[in-house]
Amino acid sequence: MEEERPQKKKGAFWRPIIAALCVDLLQMGVNLLNFIPVIGMIIAVSINFLVSVFALLGFYTYFKIRGVNFGIPRKLLGFGGGVAIEIMPIPLLSALPGWTIAVALAAGKEK
């Protein structure tokens, strides 16, 4: 018996990319706190880490529900590379659009 795959809806390609753009914009805004010495940097790193963890869990779950297999090295490196940019607690590195890149690569491979 064949396993049914979820049907691909018309806007399904753009939804995760738009969500990833929102997450990246949120992290860029939080990175403005880095200009406040010590306290701002601690707060920015903490908030960015929490946002990244929730985004990772959300996007990973979304793509697994959509049937994307991350066992293939190319997909794992594409998604994992963008995630690594965001998870690392280097202050201005998380301002890069790592989520958008990672999700666009995963969504593009899904399409």
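Structural data are supplied above this passage.
Residues numbered from 1 in each chain as written. Predicted model: local features only at pLDDT ≥ 70, side-chain atom pairs only at ≥ 80, totals over all residues. Heavy atoms only, no water.

### Topic: the packing of helix α1 (residues 14–30) against helix α2 (residues 39–65)
With their axes 10 Å apart at the nearest point, α1 and α2 run at an angle of 175° to one another. One element, α1, and the other, α2, form an angle in the roughly antiparallel class. Contacts between α1 and α2 involve Pro 16, Ala 19, Ala 20, Val 23, Leu 26, Gln 27 and Val 30 from the first element and Ala 44, Ile 47, Asn 48, Val 51, Ser 52, Ala 55, Phe 59, Tyr 62 and Phe 63 from the second. For the contact of α1 with α2, the per-class residue count stands at 13 nonpolar, three polar and no charged. (Axes fitted to C-alpha atoms, helices over the stretch in contact; angles between N-to-C directions. Helix = DSSP H or I, 4+ residues; strand = E, 2+ residues; numbered from the N terminus. Parallel < 35°, antiparallel > 145°, perpendicular 65-115°, else oblique. Contact = heavy atoms within 4.5 Å. Nonpolar A, V, L, I, M, F, W, Y, C, P; charged D, E, K, R; others polar.)

### Observations regarding the packing of aromatic side chains
Following the criterion strictly, the structure yields three aromatic pairs and no others. On the basis of an interplanar angle of 75° and a centroid distance of 5.3 Å, the ring pair of Tyr 62 and Phe 63 is categorised as edge-to-face. Given the relative accessible area of 25%, Tyr 62 is considered partly exposed. We classify Phe 63 as buried; its relative accessible area is 0%. (Phe/Tyr/Trp six-rings, centres within 6.5 Å; stacked < 30°, edge-to-face > 60°. Buried < 20%, exposed > 50% of the residue type's maximum accessible area, 1.4 Å probe, protein only.)

### Observations regarding unusual backbone geometry
Even without glycine at this site, Val 38 takes up a positive phi of about 50°. With respect to the helices and strands, Val 38 occurs in the loop between α1 and α2.

### A short note on α1
With 17 residues, α1 should reach 24 Å at 1.5 Å per residue; the first-to-last C-alpha distance of 24 Å fits that figure. The set of residues buried in α1 consists of Pro 16, Ile 17, Ala 20, Val 23, Asp 24, Gln 27 and Val 30. Around the axis of α1, the buried residues are gathered within 140° of arc, so they sit on the same side. Projecting away from the buried face of α1 at angles above 90 degrees are the exposed residues Trp 14 and Leu 25. (Expected span 1.5 Å × (residues − 1). Arc of directions from axis to C-beta.)

None of this, on its own, says anything about what the molecule does.
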